[in-house]
Number of protein chains: 2
Amino acid sequence: MTVSYTYNRVDRVSAESREKVLQAAAELGYAGPDPAARSLRYGNTRTLGVILGEHLTYAFDNPQAVTFLAGIAEVCADRGYGMLIVPIAGGAEDSLRVSEVAVDAFIIWTTTDDDPVLDAVSGSGRPAVIHGGPVRAGFKLVSIDNRAAAFAMGMKTFAGAHRPAILSFPLDSSRKTVLAAGIDPDTVRFPVTRQRLLGYRDAIEALGLDWNDVVVGATATNNEGEARSLAETMFALEQPIDAIAAMSDDLALGVLDAATSAQLTVPETLSVSGWDNSRASALHQLSSVAQNLRAQGALAARLALGEEPGLAPDDWSVVVRASTGEPATQRTEHGNTPIRRMGANREPFVRSDGLS
Amino acid sequence: MTVSYTYNRVDRVSAESREKVLQAAAELGYAGPDPAARSLRYGNTRTLGVILGEHLTYAFDNPQAVTFLAGIAEVCADRGYGMLIVPIAGGAEDSLRVSEVAVDAFIIWTTTDDDPVLDAVSGSGRPAVIHGGPVRAGFKLVSIDNRAAAFAMGMKTFAGAHRPAILSFPLDSSRKTVLAAGIDPDTVRFPVTRQRLLGYRDAIEALGLDWNDVVVGATATNNEGEARSLAETMFALEQPIDAIAAMSDDLALGVLDAATSAQLTVPETLSVSGWDNSRASALHQLSSVAQNLRAQGALAARLALGEEPGLAPDDWSVVVRASTGEPATQRTEHGNTPIRRMGANREPFVRSDGLS
DNA sequence: CTGTTAGCGCTTTCAG
DNA sequence: CTGAAAGCGCTAACAG
C-alpha cells in the first residue's frame with residue numbers, strides 16, 4: 001500500500017493519493033502507524049528506561065531523585081525520546097519487568113551493590129548508565145566523588161569538635177533505624193552512602209579524632225522528623241554530640257529543629273552540615289555540599305543515547321554557611337580531588353571504573 | 001522453536017530442553033524475547049503514557065505535578081505497568097510524538113483548552129484521562145471542583161477586605177506577567193486557572209465587592225520570587241491591596257515575604273491564602289486549599305487502565321490558618337458542593353462532562 | 001509515482 | 001512434550 005509512504009515519505013506520494021489515503025484512514029478509524037510494529041521494524045524504540053531505586057514511589061518523594069529526573073527529561077524532550085519509568089516495586093518480579101520493557105538504554109538511580117535489577121539490566125544487553133553507583137563492568141557511571149566531597153565537608157563540620165556524629169542514609173536494604181559508634185563503612189552496601197561515610201571517616205582521622213567514637217545514626221527514610229528524633233537521642237548521650245554531618249539537607253534540618261528545641265546554639269555548641277544545597281539550606285544558613293543533579297541527569301541521558309558529551313556539568317562544591325561557624329555566604333569551591341579535576345583541562349565528568 | 005515456551009510457558013517444556021535453550025541463549029548472547037515484537041504480537045504495551053504540560057521540564061519543577069506523578073507511579077509499580085513520559089517540548093512536533101509513542105493509554109496533566117496535543121491523543125484512538133481539564137469528549141476527567149474550592153477560600157481570604165487581589169497562574173500560553181483589574185475569567189484558556197478565577201469572582205460578588213476593582217496578577221511561572229515582586233507592586237498601588245488569594249503556596253509565600261519586607265502585619269492589614277497545603281504552608285501558618293494530588297494521580301492511572309475504582313480519593317478542603325485571620329489549625333471541611341458531594345453516598349470523583 | 005514482496009521477533013494454533 | 005506455519009503491522013528494497 002501507498003499508505004506507509006503517506007505517513008513516512010510525504011514527498012514520495014502525490015497529493016491526490018495522499019488525500020485519498022487520509023480520507024480512507026478517517027473512515028476506517030485508522031490512527032496512523034502502530035508504534036510497536038514500527039519499533040519492531042526499526043529495531044529501536046526511541047525510549048530511555050529509567051530505573052528508580054528499590055521502590056519506584058520512594059523516588060518521587062526524594063527531591064534529589066526528582067531533580068535528576070528533570071535533567072533526563074530535558075534531554076529527552078529535546079531529542080524526542082520517551083522516558084519510560086520502569087515499574088520497580090522491590091519484589092522478585094522486578095528483574096522480569098526490566099527485561100520486558102521496550103527501551104533502547106537504561107539509566108539507573110543509585111542502588112545497592114547487589115541489586116538483582118542490575119543483573120537484569122546487564123542481561124538485557126542494552127547500554128546502561130548508573131548514577132552514583134555501584135560501579136559495574138559495562139555500565140557508564142555519572143557521579144561526583146562522594147568520598148572527596150564528604151571529606152571536605154567533614155573537615156568543616158568537625159573542625160574543633162570533640163564528639164562528632166554522622167546522620168546517614170540507611171546502611172542496608174532493611175532500612176532499620178540505627179544508632180551506633182564505629183560503624184565499618186565497608187560493610188554498607190549502598191555505594192553512595194559508603195563513599196560518604198568513608199569521606200567523613202577520612203576527615204575524622206585527619207582531625208586526629210577516633211572513628212570508633214563517632215556515632216552514626218541511620219534513618220529509615222530521608223525524613224526530617226526521623227532525623228529530629230535521632231538528633232534528640234544524640235543530644236541526650238552521656239557525652240553529648242557537638243557536630244553532626246548529615247547526608248541530606250532534610251536530615252540536617254531535622255537536626256537544626258532538634259537543636260532549637262534543646263536550646264543548643266548553632267554553630268557554637270553544635271556544628272551542622274547537610275547535602276545538596278537545597279533552597280531550605282540557604283534559608284536556614286545551613287552549610288551544605290552542592291552538586292548539580294539536574295546536569296548529572298542530563299549527562300546520564302546523553303551518555304545513554306550514545307552521545308559523547310564534551311562538556312561536563314559542574315562538579316561538587318562545599319557551600320559554607322553559618323551552621324558550621326564560618327561567615328555566612330562564603331563559598332568554598334572544591335572538586336580538584338585526585339579523582340575529578342576542575343579547571344580548563346578537567347577530566348570528563350564520567351567514570352566507568354574504580355570509584356567504588 | 002521451543003525457545004518461546006522456555007520463556008513463557010515454563011511448565012510446557014522439559015527441564016532438559018529448557019536447560020539446553022538457556023545455554024544456547026547464553027552462548028549466542030540472546031537476551032530473551034524482544035519487548036517490541038512482543039507488544040506487536042500481544043497488541044498491548046503494558047505502558048501508560050503521561051503527557052506533562054506545554055513543556056516536559058516545567059512539570060518537574062512543579063511540586064504539584066510531581067506529586068501527581070507519584071500517584072501514577074504507585075499504581076504502575078503495583079500493576080507492573082511502565083510509565084512513559086512523552087517528550088513534549090512545546091513545538092509543532094509534539095503531536096507527532098504523541099502518535100509515535102507505544103502506550104496503551106494516556107494520562108494528561110492539565111493544559112490549555114486548545115492544546116493541539118489533545119487532538120493528537122484523540123486521534124490516537126487510545127483511552128485518555130485528563131487531570132484538571134479541559135473537558136473533552138472521550139476523555140475521562142479527574143479533578144476537584146476548582147471553582148467551588150476557590151469560592152470557599154475566597155470567602156475566607158476576602159472577608160472584611162476592601163481591596164482584594166488575586167495572584168494567578170499564567171492567563172495564556174504566552175505566559176506574560178500581567179497585573180490588571182477586571183480580568184474576564186472566561187477569556188483564560190487554562191481551565192484550572194479559569195475555574196479558580198471564576199470561584200474567586202463568585203466570592204467577591206457574594207461579599208458585595210466589585211470584580212472590576214479586583215486586581216489580578218499573573219506570574220509567568222509558579223515562582224516565589226516573581227510573586228514577591230508582583231506583591232510589592234500591589235502594595236505600592238494608590239489604594240494598597242489588603243487581601244491576596246494566590247493559586248499556589250509558592251506564590252503565597254512570595255506574598256508573605258513581600259509583606260514582611262513592607263512591614264505589613266498578616267492577617268491584620270493583609271490577608272493571604274495559598275493552594276495545595278504544602279509543608280511550607282503549614283510552617284508559615286498560611287491558609288491553603290488542600291487536595292490530594294497523589295490520590296488523584298493514582299485514580300487517573302486506574303481509570304487509564306480501565307479499572308473502575310469504587311473508592312474516590314478525598315476531595316478538597318479549606319485549611320484555615322493564621323494568615324486569613326482565623327484561629328490557627330482550625331480546619332474547615334468543604335467539598336459538599338453541587339458538583340461533588342462528600343459523605344456516605346458521595347459521587348465518584350470522576351466526571352466526563354461539563355466542568356469547564 | 002505506485003504496487004509487491006520479504007521479513008523485523010514473537011506467540012499461538014495445530015499436528016506430530 | 002516438541003516442531004511447523006501463520007500472522008501481528010510495519011517499512012525498505014525493488015519492479016513496474
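Relevant structure appears above.
Attention here is on the structure that accompanies the text. Just so we're clear, the structure is a prediction, and the values are computed from it rather than from any experiment.

Examining the overall build of chain A
Line of reasoning, step 1. Check the secondary structure of chain A and you find 13 helices and 13 strands.
Line of reasoning, step 2. Within chain A, the proportion of its 356 residues that are buried is 53%.
Line of reasoning, step 3. In chain A, once contacts between residues fewer than 6 apart in sequence are set aside, the share between residues at least 24 apart is 68%.

With respect to the sheet that holds strand β2 (residues 82-85) of chain A
Line of reasoning, step 1. Taken in spatial order, the 10 strands line up as β5(A)-β4(A)-β3(A)-β1(A)-β2(A)-β2(B)-β1(B)-β3(B)-β4(B)-β5(B) in an open sheet, and their pairing is mixed. Each edge of the open sheet is held by one strand with a lone partner, namely β5 (139-142) of chain A together with β5 (139-142) of chain B. Strand-to-strand, the axes of this sheet are offset by a mean angle of 25 degrees, without reference to chain direction.
Line of reasoning, step 2. In the packing of helix α7 (residues 116-124) of chain A onto the sheet, the strands contacted are β1 (47-52), β3 (105-109), β4 (128-131) and β5 of chain A, and the crossing angle to β3(A) comes to about 165 degrees.
Line of reasoning, step 3. Contacts from helix α5 (residues 63-79) of chain B reach β1 (47-52), β2 (82-85), β3 (105-109) and β4 (128-131) of chain B within the one sheet, and its direction differs from that of β2(B) by about 150 degrees.

Let's talk about the relation of the copies chain A and chain B
Line of reasoning, step 1. Least-squares fitting of chain A to chain B yields an RMSD of 0.0 Å, with the transformation described by 0.0 Å of translation along the axis and a rotation of 180 degrees. Taken together, the rotation angle and the small translation identify this as a two-fold axis. For chain A, the residue whose C-alpha comes nearest the rotation axis is Leu84(A), separated from it by 2.0 Å.
Line of reasoning, step 2. Taken as a fraction of all interface residues of chain A, those also at the interface in chain B reach 100%, which identifies the copy contact as same-surface.

Description of the state of the cysteines
Line of reasoning, step 1. For the structure shown, the criterion picks out zero disulfides over all chains.
Line of reasoning, step 2. The structure places no disulfide on Cys76(A), whose sulfur is separated from the nearest cysteine sulfur, that of Cys76(B), by 17 Å.

A look at helix α13 (residues 293-304) of chain B
All names here are of chain B.
Line of reasoning, step 1. End to end, α13 covers 16 Å across 12 residues, agreeing with the expected 16 Å (1.5 Å per residue, within 8%).
Line of reasoning, step 2. In terms of burial, α13 is a largely internal element, 10 of the 12 residues being buried.
Line of reasoning, step 3. When α13 is considered as a whole, its buried residues turn out to be Leu 293, Ala 295, Gln 296, Gly 297, Ala 298, Leu 299, Ala 300, Ala 301, Leu 303 and Ala 304.
Line of reasoning, step 4. Elements that come into contact with the buried residues of α13 comprise β1, α5, β3, β4 and β5.
Line of reasoning, step 5. The N-capping residue of α13, defined by a side-chain oxygen 3.3 Å from the backbone nitrogen of Arg 294, is Asn 292.
Line of reasoning, step 6. The positive-phi residue at the C-terminal boundary of α13 is Gly 306, with phi of around 85 degrees.

Quick notes on the packing of aromatic side chains
All names here are of chain B.
Line of reasoning, step 1. This model, assessed by the stated rule, comprises six aromatic pairs over all chains.
Line of reasoning, step 2. Measuring from ring centre to ring centre gives 5.2 Å for Phe 68 and Trp 109, while their planes differ by 50 degrees; the resulting arrangement is tilted. Taken together, the residues Phe 68 in helix α5 and Trp 109 in strand β3 connect sequence positions 41 residues apart. With respect to class, Phe 68 is no different from Trp 109; both count as buried.
Line of reasoning, step 3. Residues Phe 158 and Tyr 200 carry aromatic rings whose centres are separated by 6.1 Å and whose planes lie at 70 degrees to one another, so their mutual orientation is edge-to-face.

Concerning the packing of helix α10 (residues 224-235) of chain B against helix α11 (residues 249-261) of chain B
Residue and element names in this part refer to chain B.
Line of reasoning, step 1. At a closest axis distance of 7 Å, the pairing of α10 and α11 adopts a crossing angle of 50 degrees. Considering the angle they form, α10 stands oblique to α11. Of the two elements, α10 crosses α11, and the hand of that crossing is right-handed. Seen from α10, the contacting residues are Glu 224, Ala 227, Arg 228, Ala 231, Glu 232 and Phe 235; seen from α11, they are Asp 250, Leu 251, Leu 253, Gly 254, Val 255, Asp 257, Ala 258 and Ala 259.
Line of reasoning, step 2. A class-by-class count of the residues in the contact of α10 with α11 yields eight nonpolar, one polar and five charged.

Here's the deal with the interface of chain A and chain B
Line of reasoning, step 1. Chain A puts 44 residues into the contact, and the matching count from chain B is 44 residues.
Line of reasoning, step 2. Both sides together, the interface formed by chain A and chain B hides about 3,000 Å², and carbon and sulfur atoms give 66% of it.
Line of reasoning, step 3. Contact with chain B buries surface across chain A, with Pro35(A), Phe60(A) and Ala77(A) losing the most and accounting together for 17% of the total.
Line of reasoning, step 4. Joining chain A to chain B, the criterion identifies six salt bridges.
Line of reasoning, step 5. With a closest N to O distance of 3.0 Å, Arg38(A) and Glu100(B) form a salt bridge.

Quick notes on the layout of surface pockets
The probe, sized like a water molecule, is rolled over the atoms to show the empty space still left.
Line of reasoning, step 1. Roughly 770 Å³ of internal volume is contained in the second largest pocket.
Line of reasoning, step 2. Along the wall of the second largest pocket there are 39 residues; nearest its centre are Ser39(A), Thr45(A), Ala102(A), Thr45(B) and Ala102(B).
Line of reasoning, step 3. Counting only elements with at least two residues in the lining of the second largest pocket, the list comes to α3 (35-42) and β2 of chain A together with α3 (35-42), β2 and α6 (94-99) of chain B.
Line of reasoning, step 4. Residues of the lining of the second largest pocket, tallied by class, amount to 17 nonpolar, 12 polar and 10 charged.

Looking at the environment of Gly82(B)
Line of reasoning, step 1. Within the secondary structure, Gly82(B) is located in strand β2.
Line of reasoning, step 2. On the accessibility criterion, Gly82(B) (2% relative accessible area) is buried.
Line of reasoning, step 3. Put simply, Gly82(B) and Leu56(B) are 26 residues apart on the chain and 18 Å apart in space, counted from C-alpha to C-alpha.
Line of reasoning, step 4. Beyond its immediate chain neighbours, meaning those up to four positions away, Gly82(B) contacts Leu84(A), Ile85(A), Pro87(A), Arg46(B), Thr47(B), Leu48(B) and Cys76(B).

Quick notes on the rules
- Residues numbered from 1 in each chain as written.
- Chains lettered and ligands numbered in written order.
- Predicted model: local features only at pLDDT ≥ 70, side-chain atom pairs only at ≥ 80, totals over all residues.
- Heavy atoms only, no water.
- Helix = DSSP H or I, 4+ residues; strand = E, 2+ residues; numbered from the N terminus.
- Buried < 20%, exposed > 50% of the residue type's maximum accessible area, 1.4 Å probe, protein only.
- Contact = heavy atoms within 4.5 Å.
- Pairing = 2+ DSSP bridges.
- Axes fitted to C-alpha atoms, helices over the stretch in contact; angles between N-to-C directions.
- Least-squares fit on C-alpha atoms with pLDDT ≥ 70 in both.
- Disulfide = S-S within 2.5 Å.
- Expected span 1.5 Å × (residues − 1).
- Polar contact = N/O pair within 3.5 Å; in protein donor to acceptor, adjacent residues only side chain to side chain.
- Phe/Tyr/Trp six-rings, centres within 6.5 Å; stacked < 30°, edge-to-face > 60°.
- Parallel < 35°, antiparallel > 145°, perpendicular 65-115°, else oblique.
- Left-handed = near helix turned anticlockwise from the far one by under 90°.
- Nonpolar A, V, L, I, M, F, W, Y, C, P; charged D, E, K, R; others polar.
- Buried area = accessible area lost by both parts, 1.4 Å probe.
- Salt bridge = Lys/Arg side-chain N within 4 Å of Asp/Glu carboxyl O.
- 1 Å grid on protein atoms, 1.4 Å probe; cavity = no way out; pocket = protein on both sides within 12 Å on 5 of 7 lines; lining within 4 Å.
- Points joined across faces, edges and corners; volume = space filled by probe spheres on them.

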